[in-house]
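Architecture and fold: a report
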Amino acid sequence: MAGKDKVKGNNSSAGIIKAGLIVLIVCIVLSVTMVLLQQSTYRKQVSSEFHQQHMSMGEYLNSLLVGYGQGIISVAWTMTDTDAETVLARIETTRELTALEHIYYIDRDGNLMIDGEPSDDGSTMMFEQLEELNYPKSNAYIGLAPSSVRLYVDCRIVIAAPVRTPDYGISGVVFSTIDVDSIFRSDAFAYQTQKGQCLVVSDTGEIIGGSSGHNIISTNDESFQLGLLGHSDGEGLSKRAVQDYNYGIAKKTAGFVNITTKDGYRMQVSYSPLNGCDKMFFVSCFQDNLVDERIKPLLISSVMTCSIITVLMIGSLTTVWAAAKRTNLTVERLAYEDPVTKGKNLNYFREFAINTMIANRETPFVIYRFDIANFRYINESYGHHRADLVLTSCIQNFEKLFSDRELCVRMDADQFLAILINDSLLDKKIDEFTNAVNADARGNQIKYPVRFKYGIYPIKKHDHDIDVMIDHANVAKKTIKSDSKETKALYTERFVDDMRKVDHIESSMQKALAENEFKVYLQTKWDIIDNKVTGAEALVRWVRPNGSVLGPEQFVPVFENNGFIEQLDFYTLESVCMRMREMMDEGIEVVPVSVNQSRLLLHSPDYVENVEKVLKQYNIPAGAIELEITESVFDNEKEDMIAIIRRLKLLGVRLSMDDFGTGYSSLNMLTEVPFDVIKIDGEYFARSAESEPERMVLGKIVDIIKDLGMEVVCEGVESEAQVEYLKTTGCRKVQGYYFSIPVPEPEFITRYLKKNE
Ligand code: C2E
Ligand code: MG
Ligand code: MG
């Protein structure tokens, strides 16, 4: 298909998409930021919740241990000033109130009593170690057990209170051990131990006891910090967290740190000092994935919301993009499509031609500007619909016959424009094109042949303005006369000058008609036997306001091309009728006047009716008006024209064939068309008079015409010799400078017409 190349159009949807994408990216970034912010806020919330839980359990543990300490103190006090029985009773009560399994007493001599009963296992070393403990004033010592006690009871925490002598010396020590592990097994720590691991750790990192269940940090580890590091991913942040932990412990403050575990979870470690105890800390290690698990639902819902927003955004963006694309296509179609043929239009042609020439610099191109001769006739005779089919067929056949690098568009009406490759096949293709369009037309019952007139401009290397190239092709086309058999005209520089003249004529013709600048001149038709005027021919002159007179050869061809001749011919006919009526009314004897009628006028739809109207309006008698038409009027549509002539004759109008002898089918016309008069062309006559054989032919023609019952008028008679010769042929009516040149109407009247007596 010809000319399918895409013309680069402006893509306004790209702008929409760009803006949409930016909005989309901003939305996604905002969504991700929102999710991350929410995640971090919620993580902080969860962490602080856990830490609060840890702190309250720490306080509980502290108070529990302090309570145990009070119990031991009360036993120690009882032992200073009461009897053994009371002491025993106190021991019993204390054991019942606390979870302490046994209450020991050891004196300076190493005598050991367990729950008030003497035992053999004591030693002075045990006493000495216990004596050295750092006893606070108001409470028992609760802290790491000395080695002897540890050896004796497998336990790391000892609660001890001294039994004082009156001089504030120490006579013995009451003590007990605490199994932290069992405390953590109590229901009070259920929440904490379910969520992770509870530990009691010394300031040096020694793990004193811990809950079982989630063994995050092994109680056998050398130190809590090492255990923590071992559990972490070992990365910088986790190491930093362990350092923070150390710092908090050294400061004896409470706090929490987060480490990343080997499995990639974030684990929270809360710590707080057990204030009632010596250098001991309560530590909660929350289960590895606990924080993340708590955040997960929120995170999922946030991600889901953001995803839905993103999908909706993408959806609406796609819809907007599709709509924009559709709009673009429609706009492009409206901007580039010819509504009648559905082919491309002039806008498209301009861009296409430029792009094609640039892309194929070495290929010779040519511009064809063409139209259909007498398309108006097709339109009026066959209707708009079928005429449009002819136009569409032009575009379709062009696309079939020419390549992708060539394009043909309709500009308007029947005006076409094509850019073609100027090669040896071009003429053949143009012929094929004409034949194909005609075949289609016949298929659509259009009998009138479709003839094209092509103005051709071969594009030169340095041409760049496509409008100028189109204009040149148009100038060439305008040089083809409407009745000419020529179908092609090649642009030459001379045309520009001619075109200027044509432009000038065209721009002033309407005004000239309105201001009566077109004047009717009359030339006599002479009877050479009776030697008198028998008629006249109306010949138009354009008398410019400056007095200059233009002959019809200067403007008639232009008007025939642009259609203005219709108005002018009818104007002339009407002027002649009007003047004839004036003269008749003045009692002047008139002679028949012939008026030239152009081919276009005869084709106008109401022609016969209009002639009738004028004849009636001025009450013109039959035979007073003669209409002159040339034989080219009959080209291609003889039957229709003959019908029109018959109708005209019924109105009482005489019909004459002008310029007989100049065409090819003149003789045929004599028998086929019912003319009243045959006018032998002046030039033909002049040629014929020169040689004997030609004279003979002319004589025979005159005979035939007369035999057929028609009148003969010979034009262009310029000499007496010619008059004498004509007499011998039997042609008695002549027109020529010998008798009179065409003169203005008033002059004609005074010179040749006379008043009736
Ligand atoms: P035509 O109809 O054949 O008119 C005869 C032409 O021959 C006239 O030229 C006339 O002046 C010229 N002529 C007459 N006698 C002689 C002669 O002895 N020797 C020579 N050499 N020429 C002679 P004109 O007036 O210049 O008109 C030229 C043509 O223009 C006409 O040829 C006619 O075809 C056309 N024309 C003139 N007036 C009109 C008009 O009102 N309408 C139309 N459609 N055509 C017109
Ligand atoms: Mg004439
Ligand atoms: Mg003539």
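Everything in this summary refers to the structure shown in the same document. (Residues numbered from 1 in each chain as written. Chains lettered and ligands numbered in written order. Predicted model: local features only at pLDDT ≥ 70, side-chain atom pairs only at ≥ 80, totals over all residues. Heavy atoms only, no water.)

A word on the coordination of the magnesium ion (ligand 3)
Looking at the magnesium ion (ligand 3), one finds its protein donor set to be Asp-658 (OD), Asp-659 (OD), Glu-715 (OE) and Glu-715 (OE), positioned 2.1 to 2.5 Å from the metal centre. Going along the chain, you hit the donors of the magnesium ion (ligand 3) in the pattern D-D-x55-E. A spacing of 4.0 Å is found between the magnesium ion (ligand 3) and the magnesium ion (ligand 2), which share Asp-658 as a donor. Here Asp-659 is found in strand E22 (residues 654-660), whereas its partner Glu-715 is found in the loop between strand E24 (711-714) and helix H23 (720-729), with 56 residues between them in sequence. (Donors = N, O, S within 2.8 Å, 3.2 Å for Na, K, Ca; no water. Helix = DSSP H or I, 4+ residues; strand = E, 2+ residues; numbered from the N terminus.)

Describing helix H11 (residues 375-401)
Between its first and last C-alpha, H11 extends only 23 Å over 27 residues, short of the 39 Å set by a 1.5 Å rise per residue. Largest kink in H11: about 130 degrees, centred on Gly-383. (Expected span 1.5 Å × (residues − 1). Bend = angle between axes of the 7 residues up to and from the residue.)

Overview of the sheet that holds strand E13 (residues 407-412)
Within a sheet, neighbouring strands are paired by backbone hydrogen bonds and run either parallel or antiparallel to one another. Sheet architecture is open: five strands sit in the order E13-E14-E12-E15-E16, paired in mixed fashion. Of all strands in the sheet, those with a lone pairing partner are E13 and strand E16 (488-490), marking the two edges. Here the strands of the sheet are splayed against their neighbours by 20 degrees on average, with no regard to which way each runs. By the bridge criterion, five bridges tie E13 to strand E14 (residues 415-421) in an arrangement that is antiparallel. The residue bridging Asp-412 from the neighbouring strand is Gln-415, located in E14. In this fold helix H12 (residues 426-443) packs onto strand E12 (365-372), E14, strand E15 (452-458) and E16, with an angle of close to 155 degrees to the strand it touches most, E15. (Pairing = 2+ DSSP bridges. Axes fitted to C-alpha atoms, helices over the stretch in contact; angles between N-to-C directions. Contact = heavy atoms within 4.5 Å.)

Comments concerning the site of ligand 1
If you check the shell around ligand 1, you find 21 residues, and the closest are Gln-523, Asp-569, Asp-658, Glu-718 and Tyr-737. The separation between a nitrogen atom of ligand 1 and a polar side-chain atom of Gln-523 is 2.9 Å. Protein contacts shield 78% of the accessible area of ligand 1, which totals 780 Å² for the unbound molecule. Those elements giving two or more residues to the shell around ligand 1 turn out to be strand E18 (532-543), helix H15 (552-562), helix H16 (565-585) and E22. Sort the elements by how many residues they give to the shell around ligand 1 and E18 lands first, with four residues. For the shell around ligand 1, the class distribution of residues is seven nonpolar, five polar and nine charged. (Near = heavy atom within 4 Å. Polar contact = N/O pair within 3.5 Å; in protein donor to acceptor, adjacent residues only side chain to side chain. Areas by Shrake-Rupley, 256 points an atom, 1.4 Å probe, with all protein chains shown as cover. Nonpolar A, V, L, I, M, F, W, Y, C, P; charged D, E, K, R; others polar.)

That is the geometry; function is a separate question.
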